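# Summary of structural features
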Amino acid sequence: MAVNAAGIAEMDDALLRIRIENMFADYVHSIDDDQIEAWPEFFNDSGFYQIISREGYEAGHAIGVMHCDGKGMMMDRVKAMREANIFEPHRYCHVMERPRLHRNSTNAFSARTNFIVNRTMQNGDMETYGCGKYLDLIDVSNDVPRFQRRIVVLDSRRIDILLVYPL
Amino acid sequence: MTEIAAHSLDNSFRWPKEGVTRIPYRLYTDPDIYALEHERIFRGAVWNFLCLEIDIPNSGDFKTTFVGEIPVVVTRDANGDVHAMVNRCAHKGSLVCLQERGNREHLTCVYHSWSYDLDGQLNGVAFRNGIRGKGGMPKDFDPKKHRLEALRVQAYCGMVFGTFSNDTAPVPEFLGKAMDHHVRRNLGRPLKLLGFHSQVMKHNWKLYAENVRDSYHATLLHTFYTTFNVNRLDMDGGIALSDDGWHSISYAKRATLDESDEYANAKVHSAQYDSQLKGPEMLDAWPEFEDGITHSIQAVFPSLAIQLTLNSLAVRHFVPRGIDRTELFWMYLGYEDDTEEQTRMRTNQGNLTGAGGLVSLEDGCINEFVERGTRGSPVDAVEFLEMGGRDVAPSEGSRATETSIRGFWQGYRDVMGFA
């Protein structure tokens, strides 16, 4: 443990960074592997998740393509996807760059991470489904880092067919 | 119109004798029909949605859009008047405005710098008089004869409509009294844009025109509300039609129970109570209108729909991108004087529709399933549309009907001249 200027013990940045990067990888792997029930668990109970186009984000629009204010709405998304929504089977494959992390305070990091996600349909059709950046606020007050906020900013405002899995 | 194309098509195409209860699949795949739609519908005597007025609030603002596949630019001139022109240079046909939106004093084609006023009049041609007395346009070149092709425009309820026809009646008459009333109810106040995205769907544009009018499928394909046991008391409803059947409203009303004191006094709509939602605040809502209508989707011929479901207000504009591609633009709106709390509720309800809509995301793929399912079918194969009868008539008290789809095809046959 290092001690900061205020005399508060801080976990070593390097260790925290590894934990955050692992959490980021676990997040996309759980989606890519269709372990979608795990998705809300990467967030704090009051966590916020949004998918929005770059244009919408830059214009400060409230509404994007998906909007979860609190973990409950994320769990409802998961249940809807499993039990209510009808769509052609498909899987994602996310490819991320290494996150650019910034320590905001003792317990909070912010991060930007570019990503590309490929979508493969059941008949084998494969294409780039989306690309953009994750803009995150990460709570590191517990052993396991959690998102307080994850905004998925898509470069394109056009969604191909539909969006049901989170990104 | 191209008489030759129309002629050869008319000789081989006959609408089934059963009328609008039978829809030939060929209408979704025949390139001659698709070309004819551009002449007779999109360039015909209908009003096409172009953009929102808030897309071009200031003098000099422009916004590009599409009528069918025809590229169009909408402008606001120095006097505040709105104009719309085909976004195609009168010289060689290049796009004049490349950006989707912006602000300009003139519209100048990048290819040879032909420059147009904001109403589409040609005001400058580079090197018109040549260079050092050589080259240049012929002496009799008349700029007045080379303007951007204009559309008639009408701003109406925060939207800008355009038509290529001199014969189209003003928008309220085109809609008819009942439709006009409902558009004014929903959009007749200053608007603000809350969000915007589009989705591309792999099917002919008319399959979405059908789908958005298809009140029969709503509770069958879309099972979000039943899955979460959302207690919808607002199941009274029906279908309203314009006199000509072209336009329609599918609506739901609060049932009688909902008008008891218990509900009338509640600030929040009862939809989410007793549901299995873990984030029930997504359905927080408030009653905005006295008429008891809680959900409505209004379809305007040929390619526009306006939704106000709970408090989720959106304009949907669908644009053909080829015979087998459709782009659906979602414009989520609020009113300028909404409170923060009202904006929060409209925002959360934005989850219900759109490309990722919990209630209706299936609409992104279902029409593609029709497109794929009908491939290779005989040339005379048809859809069967007799739910709720064989006529085009309003339906009070029931949405288990295909009447408004038949209404769309009635309009389509009228405009296309398919007897």
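Residues numbered from 1 in each chain as written. Chains lettered and ligands numbered in written order. Predicted model: local features only at pLDDT ≥ 70, side-chain atom pairs only at ≥ 80, totals over all residues.

## Focus: helix H10 (residues 363-373) of chain B
Where we set the bar: Burial is judged by counting the other C-beta atoms within 10 Å of a residue's own C-beta: 20 or more makes it buried, 12 or fewer makes it exposed, and any count in between marks it as partly exposed, with every C-beta position built from the backbone. Runs of E in the DSSP output that reach at least two residues are strands. Runs of H or I that reach at least four are helices, and both are numbered from the N terminus. In this description, any two residues whose backbone-derived C-beta atoms lie within 7 Å of each other are considered to be in contact.
Along H10 of chain B, the positions that sit buried rather than exposed are Asp-363, Gly-364, Ile-366 and Asn-367 of chain B. Its buried side turned inward, H10 of chain B meets strand S12 (191-201), helix H5 (205-211) and helix H6 (218-221) of chain B.

## Structural notes on the sheet that holds strand S3 (residues 61-67) of chain B
All names here are of chain B. The condition that has to hold: What makes two strands pair is DSSP finding at least two bridges between them. Comment: axis = line fitted to C-alpha atoms, over the contacting stretch for helices; angle = value between 0 and 180 degrees taken between N-to-C directions.
What the seven strands build is an open sheet, ordered S2-S11-S10-S5-S4-S3-S6; its pairing is antiparallel. Each end of this open sheet is capped by a strand with a single partner; those strands are strand S2 (48-52) and strand S6 (101-103). The mean angle between the axes of side-by-side strands here comes to 30 degrees, regardless of whether they run parallel or antiparallel.

## Let's talk about the interface of chain A and chain B
Quick note on the threshold: Residue polarity is assigned by list, with Asp, Glu, Lys and Arg as charged and Ala, Val, Leu, Ile, Met, Phe, Trp, Tyr, Cys and Pro as nonpolar; anything else, Gly included, falls into the polar class.
Taken residue by residue, the interface counts 30 residues in chain A and 31 residues in chain B. With seven residues, the single largest contributor to the side of chain A that touches chain B is helix H3 (residues 71-84) of chain A. Class assignment for the residues of the side of chain A that touches chain B results in 15 nonpolar, eight polar and seven charged. Where strand S10 (residues 158-160) of chain A meets S12 of chain B, three bridges bridge the pair, whose relative direction is parallel. Bridge pairing links Ile-159 of chain A to Gln-199 of chain B in S12 of chain B.

## Some details on the environment of Gly-389 of chain B
With respect to the secondary-structure elements, Gly-389 of chain B resides in the loop between strand S19 (382-384) and strand S20 (395-396). Each C-alpha atom of the pair Gly-389 of chain B and Thr-401 of chain B lies 7.5 Å from the other, and the pair is 12 residues apart in sequence.

## Brief notes about the domain arrangement of chain B
Residues and elements named next belong to chain B. Rules: Source of the domain bounds: an automatic or database domain assignment.
When its domains are assigned, chain B resolves into domain 1 (48-156) and domain 2 (176-416). The C-alpha centroid of domain 2 is placed 36 Å from the C-alpha centroid of domain 1. Counting from both sides, the interface comprises six residues of domain 1 and, opposite them, 10 residues of domain 2.

## Things to note about unusual backbone geometry
Look at the link from Phe-301 of chain B to Pro-302 of chain B: it is a cis peptide, with omega at 0 degrees. For Pro-302 of chain B, the position within the fold is in the loop between strand S15 (293-300) and strand S16 (304-309). With phi around 65 degrees, Asp-34 of chain A is a residue other than glycine that occupies positive phi space. A positive phi angle is found at Ser-113 of chain B, which is not glycine, with a value near 60 degrees. With respect to the secondary-structure elements, Ser-113 of chain B resides in the loop between strand S7 (107-108) and strand S8 (115-116). Under the C-beta neighbour-count criterion, Ser-113 of chain B is labelled exposed, with 12 such atoms within 10 Å.

## Here we look at the pairing of strand S8 (residues 126-139) of chain A
Residue and element names in this part refer to chain A. Taken together, the 13 bridges between strand S7 (residues 108-121) and S8 define a ladder with antiparallel strand orientation. When the sheet's bridge partners are listed, Ser-110 is paired in S8 with Leu-137. Bridge analysis of S8 against strand S9 (residues 146-154) gives eight bridges, and the strand direction is antiparallel. By the bridge assignment for S9, Leu-135 is matched with Ile-151. Hairpin connection from S8 to S9: six residues lie between these consecutive antiparallel strands.

## Some points on the sheet that holds S7 of chain B
Residue and element names in this part refer to chain B. One open sheet holds the three strands; their spatial order is S7-S8-S9, and the pairing between them is antiparallel. Bordering the open sheet on either side are S7 and strand S9 (122-124), each of which pairs with just one other strand. Bridge count between S7 and S8: two bridges; the pairing is antiparallel. Each bridged residue has a counterpart across the sheet, and for Leu-107 the counterpart in S8 is Tyr-116.

## Quick look at helix H1 (residues 13-32) of chain A
All names here are of chain A. The condition is simple: The length a helix should cover is 1.5 Å for every residue beyond the first. Arc definition: it is the arc formed by the directions from the helix axis to the C-beta atoms.
Here H1 spans 29 Å end to end across 20 residues, near enough to the 28 Å set by a 1.5 Å rise per residue. Along H1, the residues classified as buried are Phe-24, Tyr-27 and Ile-31. Along the axis of H1, the buried positions cluster into a sector of 60 degrees, meaning they face one direction only. Every exposed residue of H1 that faces more than 90 degrees away from the buried side is listed here: Ala-14, Leu-15, Ile-18, Asn-22 and Ala-25. In this fold, the buried residues of H1 make contact with strand S5 (90-96) and S7. Looking at the residues trailing H1, positive phi occurs at Asp-34, about 65 degrees.

## What to know about the pairing of S12 of chain B
Residues and elements named next belong to chain B. By the criterion of burial, S12 is predominantly enclosed, with eight of the 11 residues buried. Bridge analysis of S12 against strand S18 (residues 326-335) gives 10 bridges, and the strand direction is antiparallel. Following the sheet pairing, Leu-191 is matched in S18 by Tyr-335.

## With respect to the nonpolar core
Residue and element names in this part refer to chain B. Note the following rule: We define the nonpolar core as any set of buried residues of the types Ala, Val, Leu, Ile, Met, Phe, Trp, Tyr and Cys, connected via C-beta atoms lying within 7 Å of each other.
Val-74 and Met-331 are the most contacted members of the largest nonpolar core, which totals 138 residues. Among the elements that take part in this core, S18 stands out by supplying six residues, more than any other. Split by domain, the residues of this core number at least three in each of domain 1 (48-156) and domain 2 (176-416). When sequence neighbours within four positions are dropped, the list of residues in contact with Met-331 reads Leu-52, Leu-193, Phe-196, Ala-314 and Val-315.

## A look at the environment of Val-379 of chain B
Residue and element names in this part refer to chain B. Structurally, Val-379 can be placed in the loop between H10 and S19. On the neighbour-count criterion, Val-379 (11 C-beta atoms within 10 Å) is exposed. On a C-alpha basis, the gap between Val-379 and Asp-30 in space is 10.0 Å, while along the polypeptide they are 349 residues apart.

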